[in-house]
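A look at the structure
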Amino acid sequence: MKAKLTIQKTALTAIAAFFTLLALFPLAWVMIAGFKEKTEVLSTPFRFFPKQWLVTNYVDILKDAAFQKAMLTTFGGAVLFAVLSLLVNASAAYVFARLEFRFKTVMWLYVIITMFVPGMAILLTSFIVVNKLGMLDTFAVLVLPGVASAGAMFFIRQFYLNIPLALEEAALIDGAGRIRIFTSVFLPMSYPVFVIVGIGSYLGYWNSFVWPTMTITNPDLYQIMQYLATFRSERSTEMGMLMAGSALSALPTIVLFLIFQKYIISGIKISGLK
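Looking at an unreviewed UniProt entry, one finds the protein named Carbohydrate ABC transporter permease, with Paenibacillus montanisoli as its source organism. Quoted straight from UniProt, the Subcellular location (unreviewed entry) entry for the protein says "Cell membrane".

**Points about the nonpolar core**
Ile 61, Phe 67, Val 141, Tyr 202, Ile 224, Tyr 227 and Met 243 are the most contacted members of the largest nonpolar core, which totals 41 residues. Going through the elements one at a time, helix H1 (2-33), helix H2 (56-63), helix H3 (65-98), helix H5 (123-132), helix H6 (140-143), helix H10 (191-206), helix H12 (224-234) and helix H13 (239-267) are the ones with two or more residues in this core. If you tally residues by element for this core, the top one is H13, at eight residues. In terms of nonpolar packing, the next biggest core, distinct from the first, is built from 18 residues, Tyr 94, Phe 159, Tyr 160 and Ile 181 among them.

**Digging into the packing of aromatic side chains**
Scanning the entire structure with this criterion turns up 18 aromatic pairs. Measuring from centroid to centroid gives 4.8 Å for Phe 48 and Phe 49, while their planes differ by 85 degrees, and the two rings are edge-to-face. By relative accessible area, Phe 48 is classed as partly exposed at 21%. Between Phe 81 and Tyr 205, the ring centres sit 5.7 Å apart and the planes meet at 35 degrees, which makes this aromatic pair tilted. Taken as a pair, Phe 81 in helix H3 and Tyr 205 in helix H10 lie far apart in primary sequence, 124 residues in all. A connected cluster of aromatic rings, assembled from ring pairs, spans Phe 25, Phe 35, Phe 48, Phe 49, Trp 53 and Tyr 58.

**Quick word on the UniProt feature "domain: ABC transmembrane type-1" (unreviewed entry) in the protein**
In the numbering used here, UniProt assigns the "domain: ABC transmembrane type-1" (unreviewed entry) feature to residues 71-260. Taken as a whole, residues 71-260 contains 72% helix and 0% strand, while its terminal C-alpha atoms sit 21 Å from one another.

**Digging into the packing of H3 against H10**
At their nearest, the axes of H3 and H10 sit 8 Å apart, and the two run at 140 degrees to each other. Accordingly, the angle class assigned to the pair H3 and H10 is oblique. Crossing of H3 over H10 shows right-handed handedness. Facing Met 71, Thr 74, Phe 75, Gly 77, Ala 78, Val 79, Phe 81, Ala 82, Ser 85, Leu 86 and Ala 90 of H3, the residues of H10 in contact are Phe 194, Val 197, Gly 198, Ser 201, Tyr 202, Tyr 205 and Trp 206. Grouping the constituent residues of the contact of H3 with H10 by class yields 13 nonpolar, five polar and no charged.

**Describing the side chain of Lys 36**
Assignment of secondary structure puts Lys 36 in the loop between H1 and H2. A polar contact is formed between the side chain of Lys 36 and the backbone oxygen of Phe 48, at a distance of 3.4 Å.

**What to know about the pattern of salt bridges**
Per the counting criterion, the structure on display carries six salt bridges. For the salt bridge of Arg 178 with Glu 168, the shortest nitrogen-to-oxygen distance reads 2.1 Å. One end of the pair, Arg 178, is in helix H9 (residues 178-186); the other, Glu 168, is in helix H8 (residues 165-173), with ten residues separating them in the sequence. Residue Arg 178 is classed as partly exposed on the basis of its relative accessible area of 34%.

**Concerning the environment of Arg 235**
You can see Arg 235 is positioned in the loop between H12 and H13. Expressed as a C-alpha distance, the spacing of Arg 235 and Ser 184, which sit 51 residues apart in the sequence, is 53 Å. Setting aside its immediate chain neighbours within four residues, Arg 235 contacts Asp 64 and Met 241. Within the structure, the side chain of Arg 235 is placed 2.9 Å from the side chain of Glu 238, a separation counted as a polar contact.

**Describing a nonpolar patch on the surface**
Among the surface-exposed residues, Leu 12, Ile 15, Phe 18, Phe 19 and Leu 22 lie close enough to one another that they form a single nonpolar patch of about 550 Å² accessible area. Relative to the assigned elements, Ile 15 resides in helix H1. For Ile 15, a relative accessible area of 45% corresponds to the partly exposed category.

What counts, and at which threshold
Note on numbering: residues in each chain are counted from 1, in written sequence order. Restriction of local features to residues with pLDDT of at least 70 applies here, the model being predicted, together with a cutoff of 80 or more for giving and counting side-chain atom pairs; totals for whole chains, interfaces and linings are based on all residues. Hydrogens and water molecules were not included; the side-chain quantities draw on all heavy atoms of the structure. UniProt positions are given in the numbering used here, feature names are shortened, and annotations may be inferred rather than shown by experiment. The nonpolar core is taken to be a set of buried Ala, Val, Leu, Ile, Met, Phe, Trp, Tyr and Cys residues, with the residues joined through side-chain atoms within 4.5 Å. Buried residues are those whose accessible area, probed at 1.4 Å on protein chains only, stays under 20% of the maximum for their type, while exposed residues exceed 50% and partly exposed ones sit between those limits. Under the scheme used here, helices are H or I runs from DSSP no shorter than 4 residues and strands are E runs no shorter than 2 residues, and both carry numbers assigned from the N terminus. Under the pairing criterion, centres of Phe, Tyr and Trp rings, with the six-membered ring standing for Trp, must be within 6.5 Å; the plane angle then separates stacked pairs below 30 degrees from edge-to-face pairs above 60, leaving the rest tilted. Axes here refer to lines fitted to C-alpha atoms; in helices the fit is confined to the stretch in contact. Angles between the N-to-C directions go from 0 to 180 degrees. Under this scheme an angle from 65 to 115 degrees is roughly perpendicular, one under 35 degrees roughly parallel, and one over 145 degrees roughly antiparallel; angles in between are oblique. When the near helix sits turned anticlockwise from the far one by under a right angle, the crossing is termed left-handed; a clockwise turn instead gives a right-handed crossing. Any pair of residues with heavy atoms lying within 4.5 Å of one another is described as a contacting pair. Under this grouping Gly is polar, as are all residues other than the nonpolar Ala, Val, Leu, Ile, Met, Phe, Trp, Tyr, Cys and Pro and the charged Asp, Glu, Lys and Arg. Pairs of N or O atoms within 3.5 Å make up the polar contacts considered here, provided that, within protein, one atom can donate a hydrogen while the other can accept it, and that residues adjacent in sequence are counted only when both atoms are side-chain atoms. By definition, a salt bridge exists where a carboxyl oxygen of Asp or Glu is found within 4 Å of a side-chain nitrogen of Lys or Arg. Residues enter patches when they are more than 30% accessible in relative terms and free of salt bridges; like-charged ones are connected within 9 Å and nonpolar ones (Val, Leu, Ile, Met, Phe, Trp, Tyr) within 5 Å. Note on areas: Shrake-Rupley with a 1.4 Å probe; residue coverage comes only from the protein chains shown.

Next comes the structure, spelled out in structure tokens:
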């Protein structure tokens, strides 16, 4: 029996390792391709490793002022977007989880319905709205339209529903108002769910391409995905630099996961308080 369990465990480990390597292969290839000459990246027959390792592509892309600006602009926007997303969605989640008011059920159903509307379906109408508001080619058009998220509200609300009501009642007895309860009781306990929602918001902003392409034409506000697409169309022969830029654009996300991996794993299943 013990031998059978050992064989099963070994087999599962091997399968997990195989799929892990399969998932990491594209990223590894992009990083290694950044060390190749521009004519070698797409050469045939295919070679995974370069004939000669060169750091020129990474040095040149790091010296590119447009790449530096795109990385900094995207990182700053992603952090701001994640913070605003947590603030807005956590506030709304607390209202729907703990407060009682007229038409609460109807309003919550309306919020939930928006989860089933594809983003592409409202892309044109969203563009018309931001155009009429004069937000095109501004930093605000990249951050504000997507801050409120029904999915994030739902996720945080479920977490708040599991917080014991006794904590809130004790705070009310002590004379604390709703805002004080939210900031002093709920927010400090929200760390696990905030990590999940915050990273999701950060990644959603970092990887966005269609919306920035539609709303931003000023090169000073280019996002990193928009910059890489422009680089590919304007400098298609410099594939080595493109691979180096793509690899470097993935580093902030990788570092983020390495820092918060423990909290991501523990926060995937929110069990509440016992």
